[in-house]
Amino acid sequence: MTETREAMRKRLHMRSMRRGIKEMDLILSHFAATHLAEMSDAELAVYDDLLSENDHDLYIWVSKQVDVPVAYAALVQQIAQGAEGVSRPA
């Protein structure tokens, strides 16, 4: 059975809210609420893959402590723009 676009967005939004660390809950739930509706199918697939990554890795990527894997670079940059003050002091 193929997942509908709407079902995928709802699933991704829920996975964004229920992370392993509170900082990523805040960062990703805000990102999901703001951007999922406008994302293309390809962008949603990359975001789905990103959500499979370890929260601590995601946090150090978003807070620019280490280089981001190329496959996620553009997406993580977009997420980081909305994470100011959560991932590092404003």
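Owing to the predicted nature of the structure, the values given are computational and were not obtained by experimental measurement.

Once that is clear, we can look at unusual backbone geometry. Backbone geometry follows two general trends: most residues other than glycine have a negative phi, and most peptide bonds adopt the trans configuration. Here K64, not a glycine, exhibits a phi torsion of approximately 60°, which is positive. Summarising the element assignment, K64 is placed in the loop between helix 4 (55–62) and helix 5 (73–81).

The next subject is helix 1 (residues 5–17). Over its 13 residues, helix 1 extends 19 Å from the first C-alpha to the last, a length consistent with the 18 Å expected when each residue adds 1.5 Å. Among all positions of helix 1, only M8, L12 and S16 are buried. Each buried residue of helix 1 sits inside an arc of 75° when the element is viewed along its axis, so together they form one side.

Two packed helices can be described by the angle between their axes and the distance between those axes. Closest axis-to-axis distance for the helix 2 (residues 22–35)/helix 5 pair is 9 Å, and the angle between their directions is 100°. Taken together, the axes of helix 2 and helix 5 are roughly perpendicular relative to one another. Residues I27, L28, F31 and H35 of helix 2 touch helix 5, and the partners they reach there are L75, Q78 and I79. Tallied by class, the residues present in the contact of helix 2 with helix 5 amount to five nonpolar, two polar and no charged.

Summed over all chains, the structure comprises two aromatic pairs. Ring geometry for W61 against Y72: centres 5.9 Å apart, planes inclined by 35°, an arrangement best described as tilted. Here the residue W61 occupies a position in helix 4, and Y72 occupies one in the loop between helix 4 and helix 5, the gap between them amounting to 11 residues. You can call Y72 buried: its relative accessible area is 11%.

The subject of this paragraph is the pattern of salt bridges. Overall, the coordinates contain six salt bridges when judged by the stated rule. E3 is the salt-bridge partner of R11, the closest N and O atoms lying 2.9 Å from each other. Since its relative accessible area comes to 27%, R11 is described here as partly exposed. What makes E3 partly exposed here is its relative accessible area of 38%. For D41, the salt bridge goes to R5, with nearest N and O atoms at 2.3 Å. With D41 in helix 3 (residues 41–50) and R5 in helix 1, this pair connects stretches of sequence that are 36 residues apart. Taking the relative accessible area as the measure of exposure, D41 reaches 53% and is therefore exposed.

Definitions and limits used
- Residues numbered from 1 in each chain as written.
- Predicted model: local features only at pLDDT ≥ 70, side-chain atom pairs only at ≥ 80, totals over all residues.
- Heavy atoms only, no water.
- Helix = DSSP H or I, 4+ residues; strand = E, 2+ residues; numbered from the N terminus.
- Expected span 1.5 Å × (residues − 1).
- Buried < 20%, exposed > 50% of the residue type's maximum accessible area, 1.4 Å probe, protein only.
- Arc of directions from axis to C-beta.
- Axes fitted to C-alpha atoms, helices over the stretch in contact; angles between N-to-C directions.
- Parallel < 35°, antiparallel > 145°, perpendicular 65-115°, else oblique.
- Contact = heavy atoms within 4.5 Å.
- Nonpolar A, V, L, I, M, F, W, Y, C, P; charged D, E, K, R; others polar.
- Phe/Tyr/Trp six-rings, centres within 6.5 Å; stacked < 30°, edge-to-face > 60°.
- Salt bridge = Lys/Arg side-chain N within 4 Å of Asp/Glu carboxyl O.

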